[in-house]
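# Tertiary structure, described
Letter by letter, the chains look like this.
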Amino acid sequence: MKRKVETYGLMAEFDSADAVVVAAQRANDAGYTCMDAYSPFPVHGLAEAIGFHKTHLPLIVLGGGIFGMIAGFGMMVYSAVFHYPLNIGGRPFYSWPAFIPITFETTVLCAAGAAVFGMLALNGLPQPYHPVFNVPRFELASRTHFFLCIEATDPKFDPEATKAFLQQLTPLEVSVVAA
Amino acid sequence: MSSETPDKPAPVLTVLRPGHTYASVTDQISAAVLTTHTPRWWLAAVGISLSIVMIFTTAVAWLLIKGVGIWGINVPVAWGFAIVNFVWWIGIGHAGTLISAILLLLRQDWRTSINRFAEAMTLFAVACAGVFPLLHLGRIWKFYYLMPYPNRMSLWPQWRSPLVWDVFAVSTYATVSFLFWYVGLIPDLATLRDRAKNWWGKHIYGLLAMGWRGSARHWSRYTMAYLLLAGLATPLVVSVHTIVSFDFAVSQVPGWHSTIFPPYFVAGAIFSGFAMVITLAIPLRSLYGLQDFITMRHLDNMAKVMLATGLIVAYGYMTEIFIAWYSDNKYESYVIFGNRMTGPYAPTFWALMLCNIAIPQLLWLKKVRHNIPVLFAIAIVVNIGMWLERFVIVITSLHRDYLPSSWGMYYPTIWDWATYIGTMGLFTFLLLLFIRSLPMISIFEMRELVHEQAGEHPKEGHGHGPAQTHPTPTVE
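Summarised in this report is the structure supplied together with it. A quick note: this is a predicted structure, and the numbers were derived from the prediction, not measured.

Reading the values: the criteria
- Residues numbered from 1 in each chain as written.
- Chains lettered and ligands numbered in written order.
- Predicted model: local features only at pLDDT ≥ 70, side-chain atom pairs only at ≥ 80, totals over all residues.
- Contact = placed C-beta atoms within 7 Å.
- Helix = DSSP H or I, 4+ residues; strand = E, 2+ residues; numbered from the N terminus.
- Nonpolar A, V, L, I, M, F, W, Y, C, P; charged D, E, K, R; others polar.
- Core = buried A, V, L, I, M, F, W, Y, C linked by C-beta atoms within 7 Å.
- Buried ≥ 20, exposed ≤ 12 C-beta atoms within 10 Å, placed from the backbone.
- Domains from an automatic or database assignment.
- Pairing = 2+ DSSP bridges.
- Axes fitted to C-alpha atoms, helices over the stretch in contact; angles between N-to-C directions.

### Examining the interface of chain A and chain B
- Taken together, the contacts link 49 residues of chain A with 46 residues of chain B.
- It is helix 4 (residues 100–122) of chain A that contributes the most residues to the side of chain A that touches chain B, 12 residues altogether.
- The residue inventory of the side of chain A that touches chain B, partitioned by class, reads 35 nonpolar, 10 polar and four charged.

### Notes on the nonpolar core
- Judged by nonpolar contacts, the single largest core of 189 residues is most densely connected at Val20(A), Ala115(A) and Val277(B).
- Of all the elements, helix 7 (residues 216–249) of chain B adds the most residues to this core, at 17 residues.
- Counting residues domain by domain, this core receives three or more from each of domain 1 (7–54 + 129–178) and domain 2 (57–122) of chain A.
- The residues touching Val20(A), leaving out its near neighbours within four places in the chain, are Phe14(A), Ala37(A), Ser39(A), Val43(A), Leu46(A), Phe146(A) and Leu148(A).

### What to know about the sheet that holds strand 3 (residues 146–151) of chain A
All names here are of chain A.
- With antiparallel pairing, four strands are arranged side by side in an open sheet as 2-3-1-4. Each edge of the open sheet is held by one strand with a lone partner, namely strand 2 (35–38) and strand 4 (173–178). The average undirected angle you get between the axes of adjacent strands in this sheet is 20°.
- Strand direction decides the pairing type here: strand 1 (residues 7–14) and strand 4, joined by six bridges, are antiparallel. Its bridge partner being in strand 4, alanine 12 is matched across the sheet by valine 174.
- This element, helix 5 (residues 159–167), spans strand 1, strand 3 and strand 4 of the sheet and lies at about 10° to strand 1.

### So, the environment of Leu62(A)
- Relative to the helices and strands, Leu62(A) resides in helix 3 (residues 57–83).
- Along the primary structure Leu62(A) and Ala114(A) are separated by 52 residues, whereas in three dimensions their C-alpha atoms are 8.4 Å apart.

### Side note on unusual backbone geometry
- Along the chain, Leu125(A) connects to Pro126(A) via a cis peptide bond; the corresponding omega equals 0°.
- Topologically, Pro126(A) is positioned in the loop between helix 4 and strand 3.
- Geometrically, the link from Val75(B) to Pro76(B) is a cis peptide bond, its omega value of 10° lying close to zero.
- The residue Pro76(B) is located in the loop between helix 2 (40–66) and helix 3 (81–105) in this model.
- The phi dihedral of Thr170(A) falls on the positive side, at around 55°, and the residue is not glycine.

As structure tokens, this is what we get:
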């Protein structure tokens, strides 16, 4: 229970994508590490600017695909060769070419499931409550405006100094985010 | 690239009318959903489509009571309307996936304003398609026999059967299409949550948006997930209609047993799907005043895709006819020349040639592609033609067996028609619910488009300056 601060962080508001990328880059250069930026559409370079470089999602999707492939093919081989072999016109029990279409489908199904549920899990969604929604103007983050939030958990965070730092990035407004 | 592009002084076709801002695209698209004013035409259309759904439920109820004998199917034509309609509907769905996945991978910016409702069209078309094989089972309540499940008889599905492949292909396709559509909706649901005025709107959209807040980390994973889904959906959509064609091609029936089937089925699916997207886009853009977002460029490009895939389909027909002659196989050539072209169902064959090959050639003319009523009419003709194609393939290949003693005719009954027209009502009804309750154009991707267009029109001029970094959105 690290309940040491009453605020979640300080949030600066911008009206252009370029401005928030520049601001995030400068905050990163200034040594802030715990921050996040919010935008109404994916902004190129913004994730890199806040110091987020790589997502492991492709690996999860690859794992899902391999699982689907092995599970699908394995199910058919197990049932057709071992569990209930049926001799139909002398055709081989292990007729693997006929198993490929279903193997392909189970591969795609599991990989797609891994992509969606992996993305949601890594993003921590669904999340019923998040402090950034306490800022009234934050509803513009899904419409027109861009936000940069430096979080109170940052070791360099100081209510006054960080506010002054954010002010010099020429935002429209700086607001305190209640926890 | 120097000063003025000399090739075309013709009016520039843009994917988004210039002058739009983040706020204007957001407000205009979400207003259609968040308004408390429900348009009259919408209520009327729901009334009509719901009445047709009633016809559908009646037909299904009667089918459950009496069995598939109420349809026109009998030996030798055991596959009647159910299979024709199944293939037709599933083919229509394919354009939605093509637009949202393949055009995303190819970085075609004109996909943005049509992908959302095209994906919804896919979902509803697949739902209508899925109804038919289930009804065709006769004993619908035993449908779960198709899936591998633990049972006391230790029985498994027959993995070597294309019909079982089809079950997996269609159910995977439906699931992945839904996931793709929902993932695309999440940021827009957040927009609706933030812009909704009443309690219900805030809470329902809020629940569905799952707390999306547009974080840069989230966007990073989100775009990656979306890209990977597009990469997975692309081979999937090809596999689905390939497997549907295997239902025919793997059998030994003359007229079905052909290696050209998978590619020409896939092309035919895209052909009919684009025809359906045009059929839906033209009324939607005028009813909702979306001419800024669904521009002439979209209609022009879709007409071109329709023309191109139509030519592939024509090539498929020609190959079938050529091989029937060249193979010198008497059964093959009888099916094509003795039956399809001249037999009792010959009018459907020639109507198919007219609808799918002759009339779409008008799309070579720019004047035709830019004439909205004519384009709409051609799209309808292609929809009919693609339905006729499946009718010709299914019925004419079956109704004359090898021995004349086992020949027969297939005539659809009123229940065949009621079920078929009923699914059209179901499709329309679901689509109407969708356009009233969810944004029919992807809002966040439109904002992205505004951003990109702003980036390529620096202050100096209209995109002719050297600072141009993005490909220009003008056509040709």
